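Next come the chains, spelled out residue by residue.
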Amino acid sequence: MTTLIVIDQAPYGSWAGREALDMVFSLAAFDQPAALLFMGNGVNWLRTAQNAKGIGQKTVEKNLSAAPLFGVEKIFAEHEACKRFMPDTNSRLADIELVASVKDLITRYDHVVFAG
Amino acid sequence: MTTLIVIDQAPYGSWAGREALDMVFSLAAFDQPAALLFMGNGVNWLRTAQNAKGIGQKTVEKNLSAAPLFGVEKIFAEHEACKRFMPDTNSRLADIELVASVKDLITRYDHVVFAG
Amino acid sequence: MNQSLGTGTLHILNKAPGHPRFIACLSALSGQDSLVLIEDAVLALPDTDTALPEHTVALELDLDARGLSGAAKTDQKISHQQLVQLTEQHPRIISW
Amino acid sequence: MNQSLGTGTLHILNKAPGHPRFIACLSALSGQDSLVLIEDAVLALPDTDTALPEHTVALELDLDARGLSGAAKTDQKISHQQLVQLTEQHPRIISW
Amino acid sequence: MSTKLSYTLVITGAPWASQAPQTALAFARAAVSAGHRLDRVFLYGEGVHLASSLCAPPSDEPHWPQQWSDFLSDNQIPGVACVASALRRGLVDEREQNRYQLPAHNLRSPFEIAGLGEWVDGTLKSDRVLYFHGSA
Amino acid sequence: MSTKLSYTLVITGAPWASQAPQTALAFARAAVSAGHRLDRVFLYGEGVHLASSLCAPPSDEPHWPQQWSDFLSDNQIPGVACVASALRRGLVDEREQNRYQLPAHNLRSPFEIAGLGEWVDGTLKSDRVLYFHGSA
């Protein structure tokens, strides 16, 4: 049973992405194969140098960098959306696998889940 | 002081439109000049023959037809969105004033308000 | 109902046309996939700006609520009972 | 900050690019209007698909949160204090 | 088509903000009447508001939390609200009330509060997991 | 720019679903420190969840309902939750609890419950009315 958790909403403005992350960590904690896909506005999670202290939130970049440690197998990002929001590759977090086709990727997982 | 309440979300799937309607009725109840504008997906409020009984809701068409009685001065709808969703004019409620330019309309009101 | 159904993934879509996830869902459909429109997504049927795939059905009660009984062909409308049947027939389901 | 401001309506936008209301807001701006991007709307600055009007500013703390300190020119960034000043100067304000 | 399946339903949209609880209830009723088993209903994110005991909608409107709790009780189906979502959003049972020294509790019976492990269990054991999201 | 203005703030986005309560609080603090008067803060739609007394976020996260009620109390600003929005969504004070025979009340002090007339009053009497919506 493999699960792909999809985040398509921007960070900070809503809580759905954080709750998606809790889902993927939960699967990993129970030793279930799980991966993350950022698509659309969701790719903005992957920008470097985030600092959410001023708006009273925790920076999501830190949550995300913990993903491999917690057993999340892979972090994918939609290539098209990355080019749109982060054309400069230096502004993207490392160890992200870009995918050209979301359509193809989602067929490779038993479960494809949005958090909200 | 004139107020334009704007509804840009489809009926039934969310509650925001109903709460917008409560706002416009409230203004009218306090004898404040108020009008409604339906734009984007919100124009789907204006279709005839709605019947929401099967999904356990009250049909919004009835709420809306009460608007003139309660003193709501005018109901506007974005022409472009009406053509998109209701090309057949028979499927639209009567007594709606179509507007070609939302941009122009909103400059005519002191307050322009979304409910959510 | 059955002739308008594919054998791939069952996609259940509840977002109104124009919502980013509505757009993402339509472009993620493969040829043999089936699409079920529920809630605000049934507005895709009258929407002249949306091109729907061949294997598309819509929840009848959501159509009725929105005044769209006449906007769908008979074999495009399904009951909640039929939606349950579709989930029996499709092991892979994505709720958008 | 002030040189990038118009004298018409003040539009405050918090939706992410692609949201139907984001699109509606941009097309409702008149020449002398000013646009303030807050929350998820600040993503319009790096978005290569969005063309922003001349009189646009963005909340600095929302930019910082999203790693976009460098995406805006200095005179495009405003504090909450400056947002309050903008609301003083504009009797007509629309929150999208 | 006589094979009976087991389902986990996940609701992430709140009543009076989305249509998710009502669509999920119509689906749940149809699934039960078709002879399927509902392993559990899991409330996540904004969906936890469905488990409030304090909603008082106008008397001529459907009461989604009450309809859901009646359905769960009648069919002996577990209803679970995710603890992390619930605590942030002000949905607590008596145990959480005491633990966090809150002035009251507002979890509607038969809903219970539990962790995401319940959801993981659903993805492992149920034949189908369906999600009912908000549409905004 | 020494003219002092009066403001009504309307919050329609819920905490932990939107950024609206936090943006509104930052704005409110800036307005007060600039010498302006806040006539009232009006919670509408999903925004009423900000007035819950039962939220218990993790201790290392900001507690928006508490920060808001502290701010309102410290500055003696009225905070009002719309009664129709609140009753549907399970936000009630002791009076509504008794009226609807509910098992508890969960309105956080100093928030009060009142009708949309308070909002109409704001649009008439305040120099500015600002709205803080959800972004989804």
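Not measured: the values here are computed from a predicted model.

*Asks:* For the interface of chain B and chain D, give the residues involved together with the corresponding values.
*Replies:* Taken together, the contacts link 11 residues of chain B with 11 residues of chain D. Around 940 Å² of area is buried between chain B and chain D when both sides are counted, 53% of it from carbon and sulfur atoms. Ranking the residues of chain B by area buried against chain D places K103, I106 and F114 of chain B at the top, with a combined share of 46%. The interface formed by chain B and chain D contains 1 salt bridge. For the salt bridge of D8 of chain B with R21 of chain D, the shortest nitrogen-to-oxygen distance reads 2.7 Å.

*Asks:* Give a detailed account of the packing of aromatic side chains, specifying residues and quantitative values.
*Replies:* Evaluation of the coordinates by the stated rule reveals 16 aromatic pairs over all chains. With a centroid separation of 5.0 Å and 45° between ring planes, the pair formed by F25 of chain A and F70 of chain A is classed as tilted. You can see F25 of chain A sitting in helix α1 (residues 16-29) and its partner F70 of chain A sitting in the loop between α2 (60-65) and β3 (74-78), a full 45 residues away along the chain. Taking 5.8 Å as the distance between ring centres and 65° as the angle between the ring planes, the aromatic pair formed by Y7 of chain E and F27 of chain E counts as edge-to-face. Of this pair, Y7 of chain E sits in strand β1 (residues 6-11) while F27 of chain E sits in helix α1 (residues 20-33), and the two are 20 residues apart along the sequence. Take Y7 of chain E: its relative accessible area is 0%, and that puts it in the buried class. Overall, the relative accessible area of 0% leaves F27 of chain E in the buried class. Against the face of W15 of chain A rests R18 of chain A, its NZ or CZ located 4.8 Å from the ring centre.

*Asks:* Hey, could you go over the arrangement of the chains for me, with residue numbers and the actual values?
*Replies:* There are 12 pairs of chains in contact here, and the one with the most contacts is chains E and F. Chain A makes no contact with chain B; the smallest distance between any of their C-alpha atoms is 14 Å. One thing to see here is that chain C and chain F don't touch, and their nearest C-alpha atoms sit 10 Å from each other.

*Asks:* An account of the sheet that holds strand β1 (residues 3-7) of chain B is needed here, citing residue identities and associated values.
*Replies:* Residues and elements named next belong to chain B. The strand order across the open sheet formed by 5 strands is β4-β3-β2-β1-β5, and the pairing between neighbours is parallel. Edge positions in the sheet fall to β4 (97-99) and β5 (111-114), since each has one partner strand and no second. Averaged over all adjacent pairs, the angle separating strand axes in this sheet is 30°, with direction ignored. The pairing of β1 with β5 spans 4 bridges and is classified as parallel. Across the sheet, T3 pairs through a bridge with H111, a residue of β5.

What counts and how
- Residues numbered from 1 in each chain as written.
- Chains lettered and ligands numbered in written order.
- Predicted model: local features only at pLDDT ≥ 70, side-chain atom pairs only at ≥ 80, totals over all residues.
- Heavy atoms only, no water.
- Contact = heavy atoms within 4.5 Å.
- Buried area = accessible area lost by both parts, 1.4 Å probe.
- Salt bridge = Lys/Arg side-chain N within 4 Å of Asp/Glu carboxyl O.
- Phe/Tyr/Trp six-rings, centres within 6.5 Å; stacked < 30°, edge-to-face > 60°.
- Helix = DSSP H or I, 4+ residues; strand = E, 2+ residues; numbered from the N terminus.
- Buried < 20%, exposed > 50% of the residue type's maximum accessible area, 1.4 Å probe, protein only.
- Lys NZ or Arg CZ within 6 Å of the ring centre and 35° of its normal.
- Pairing = 2+ DSSP bridges.
- Axes fitted to C-alpha atoms, helices over the stretch in contact; angles between N-to-C directions.

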